[in-house]
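Structural overview
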Amino acid sequence: MLGNKSKTWYRRRGTKIFAGILLLAAIVAVYMRWFASRGEAGTVSAATAIPSTAVIRGELVDIVELRGQIRPLHSVDLLAPPDAGQIQILKLVKDGDTVKKGDVAIVFDPSTIQMTLNQRRSDLKQAEAQIDDMRAKQKLAEQQDQTDLLKAKYDVERAKLDASQAEILSQIDGEEKKLLLADAEQRVKQAQQKVDSDVASNKADIANISQKREKALRDVQHWEEAISRLTILAPTDGMVHLMPNYQAGGNFGSNPPPFKEGDRAWSMAAIAQIPDLSALRITARLDEEDRGRLHAGETVTARVDAVTDLSFTGTVADISPLAKIDFSSGWPPVKNFDLLVALDHIDNRLRSGMSVTERIAVQRIPNVILVPAEALFTRNGRDVVYVEQGAKGSNNFAERAVVIGHRGGGQVEIRSGLEPGVRVATKDPVTKP
């Protein structure tokens, strides 16, 4: 039988052999995994399925895609009164309501303007009372002036009678009578001058107070008209579109909510709009980099988010010549151009403010080899694709350099390096996820 030392030696020997077997198995596993990730003859394979697509020959269409909104070519704005200041909305039609000409659309709170109107009416009554009081006093003064004038004229006649007796009186008495006659005639002149002066003064005073009365009357008429403007009637038939209330708060860059009952409006604020739905257009913002690629008259296809079962066509009607700064896209602000699209036909489901996706083909290149843009990769400064080896789904791909041409519409023109029919990976098979 083996001794204890021999048994111990065999145990250690067996442990080493077992450990060596495990180490060898680990090395083989690592090698197999590396070999699986690297195909033969420069091919690449992956443990997970890599999506691929067929290379085709077709037409490359370079498309500019924009987001816009449906807007009316003509519309009627319903505005707050120009002289009302901050004024509360008591009644307001709902967004999308259909109104007839003459229907009540908006009613504003009249309390503030009514107080002003009452004050102006009080001023008018006060001015009229002042005129009546002044005319009464002037009438009494004129009567007194006429009385004084008549008395002065009587005194003249009496003095003339006395003076006619100067021949039979002493020389001194005769001269005295003549002096009295001269004094009486002077008093007549003074009385007549006072009458004329008082008449002119009274006319000036009446004219001054009358001007105050006319101003008070105009103020009353103005505020009466302002009261009448607090009820706004629909000027035409149509569907109401409520405008945004820019004083309602909200985060910077967010869209303000539309006006509602209880809101306070400012002078000439656009509360609502009645668009002409028979003449709708699409408005959009065009980036600077695309401005030189688009021109008026180009064909447009559009999809309205709210009308999913219909595609619309139109033409570019106008592009603004000047760029505008757009603060809605964050900081720093970008510059863009206003673009207007005329629709070929109008659907009765279209409404002002609906969002639209527009696609405009700016270039067409027929009969070229095409791959999706996501199938093109860059390796060491070269444009490459990964061509699938074997049957579809084999997951083996070979790197191949290509020469590209135009890009557009999510596709790339391949001028050399590929033929139609082969399949290329649309996801990088080399870079690990």
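That block above? That's the structure.
Residues numbered from 1 in each chain as written. Predicted model: local features only at pLDDT ≥ 70, side-chain atom pairs only at ≥ 80, totals over all residues. Heavy atoms only, no water.

1. Description of the overall build of the chain
When its secondary structure is counted, the chain shows four helices and 24 strands. Looking at the chain as a whole, 31% of its 433 residues qualify as buried. By sequence separation, contacts in the chain at least 24 residues apart represent 75% of the contacts at least 6 residues apart. (Helix = DSSP H or I, 4+ residues; strand = E, 2+ residues; numbered from the N terminus. Buried < 20%, exposed > 50% of the residue type's maximum accessible area, 1.4 Å probe, protein only. Contact = heavy atoms within 4.5 Å.)

2. Thoughts on the sheet that holds strand S11 (residues 264-265)
Taken in spatial order, the four strands make up an open sheet running S8-S7-S5-S11, and their pairing is antiparallel. Edge strands, defined here as strands with exactly one partner in the open sheet, are strand S8 (231-233) and S11. Sheet analysis places strand S7 (residues 104-108) next to S8, joined by three bridges and oriented antiparallel. Within S8, the residue paired with Val104 across the bridge is Leu233. (Pairing = 2+ DSSP bridges.)

3. Things to note about the pairing of strand S18 (residues 355-372)
The side chains of a regular strand alternate, residue by residue, between the two faces of the sheet. The sheet contact formed by strand S3 (residues 56-72) and S18 spans 13 bridges and is antiparallel. What sits directly across from Gln69, in S18, is Ser355. Bridge count between strand S14 (residues 299-304) and S18: five bridges; the pairing is antiparallel. When the sheet's bridge partners are listed, Ala302 is paired in S18 with Glu358.

4. Observations regarding the packing of aromatic side chains
Two descriptors summarise a pair of aromatic rings, namely the distance from one centre to the other and the angle between the planes of the rings. Evaluated as defined, the whole model comprises two aromatic pairs. Here the guanidinium or amino end of Arg291 rests over the ring plane of Phe337, the centre of that ring lying 5.4 Å away. (Phe/Tyr/Trp six-rings, centres within 6.5 Å; stacked < 30°, edge-to-face > 60°. Lys NZ or Arg CZ within 6 Å of the ring centre and 35° of its normal.)

5. Observations concerning the pattern of salt bridges
Here the idea is simple: oppositely charged side chains can pair when their charged atoms come close. This model, assessed by the stated rule, comprises 20 salt bridges. Here Asp309 and Arg349 are joined by a salt bridge, their closest N and O atoms 3.1 Å apart. Here Asp309 is found in strand S15 (residues 307-319), whereas its partner Arg349 is found in the loop between strand S17 (334-343) and S18, with 40 residues between them in sequence. Given the relative accessible area of 56%, Asp309 is considered exposed. Assessed through its relative accessible area of 36%, Arg349 is described here as partly exposed. Across the pair Asp338 and Lys324 runs a salt bridge whose closest N-O atoms are separated by 2.6 Å. Placement of Asp338 in strand S17 and of Lys324 in strand S16 (residues 324-326) is noted, with a sequence separation of 14 residues between them. Residue Asp338 is classed as partly exposed on the basis of its relative accessible area, which comes to 27%. On the basis of relative accessible area, Lys324 is assigned to the partly exposed category, the value being 46%. (Salt bridge = Lys/Arg side-chain N within 4 Å of Asp/Glu carboxyl O.)

6. Quick notes on the sheet that holds strand S10 (residues 241-242)
Overall, antiparallel pairing links the three strands, which are arranged S4-S12-S10 in an open sheet. Each having just a single partner strand, strand S4 (75-79) and S10 make up the two edges of the open sheet. Pairing geometry for S10 and strand S12 (residues 270-275), over two bridges, is antiparallel. Considered in S12, the bridge of Leu242 is made with Ala272.

7. Quick look at the pairing of strand S22 (residues 403-408)
With four bridges joining them, S22 and strand S23 (residues 411-416) adopt antiparallel strand pairing. The residue bridging Ile404 from the neighbouring strand is Ile414, located in S23. Connecting S22 to the next strand, S23, in antiparallel fashion are two residues, including Gly409 with a positive phi near 60°.

8. Considerations on the nonpolar core
The biggest cluster of nonpolar side chains holds 29 residues, and the ones touching the most others in it are Ile106, Phe108 and Ile271. Contributions of two or more residues to this core are made by strand S5 (87-92), S7, helix H2 (111-163), helix H3 (171-228) and S12. Element by element, the count of residues in this core is highest for H3, at four residues. By size, the runner-up hydrophobic cluster in this structure holds 23 residues, among which are Val64, Ile70, Leu286 and Val304. (Core = buried A, V, L, I, M, F, W, Y, C linked by side-chain atoms within 4.5 Å.)

9. Structural notes on the environment of Lys215
The topology assignment puts Lys215 in helix H3. Classification of Lys215 as partly exposed rests on a relative accessible area of 47%. Measuring from C-alpha to C-alpha, the distance between Lys215 and Asp123 comes to 9.5 Å, with 92 residues separating the pair along the chain.

10. Concerning a nonpolar patch on the surface
Taken together, the side chains of Ile325, Phe327 and Trp331 define a hydrophobic patch exposed on the protein surface, amounting to about 420 Å² of accessible area. Mapping Ile325 onto the fold places it in strand S16. (Patch = residues over 30% accessible without salt bridge, like charges linked within 9 Å, V, L, I, M, F, W, Y side chains within 5 Å. Areas by Shrake-Rupley, 256 points an atom, 1.4 Å probe, with all protein chains shown as cover.)

11. Here's the deal with unusual backbone geometry
Unlike most non-glycine residues, Met268 shows phi in positive territory, near 65°. Counting through the fold element by element, Met268 comes out in the loop between S11 and S12. When its relative accessible area of 45% is taken as the criterion, Met268 is described as partly exposed. The backbone phi angle of Asn367 is positive, close to 55°, even though this residue is not glycine. Summarising the element assignment, Asn367 is placed in strand S18.

12. Re the side chain of Ser320
Tracing the backbone shows Ser320 in the loop between S15 and S16. There is a polar contact of 3.2 Å between the side chain of Ser320 and the backbone oxygen of Leu322. Excluding residues that lie within four positions of it along the chain, Ser320 makes contacts with Arg291, Phe337 and Asp338. (Polar contact = N/O pair within 3.5 Å; in protein donor to acceptor, adjacent residues only side chain to side chain.)

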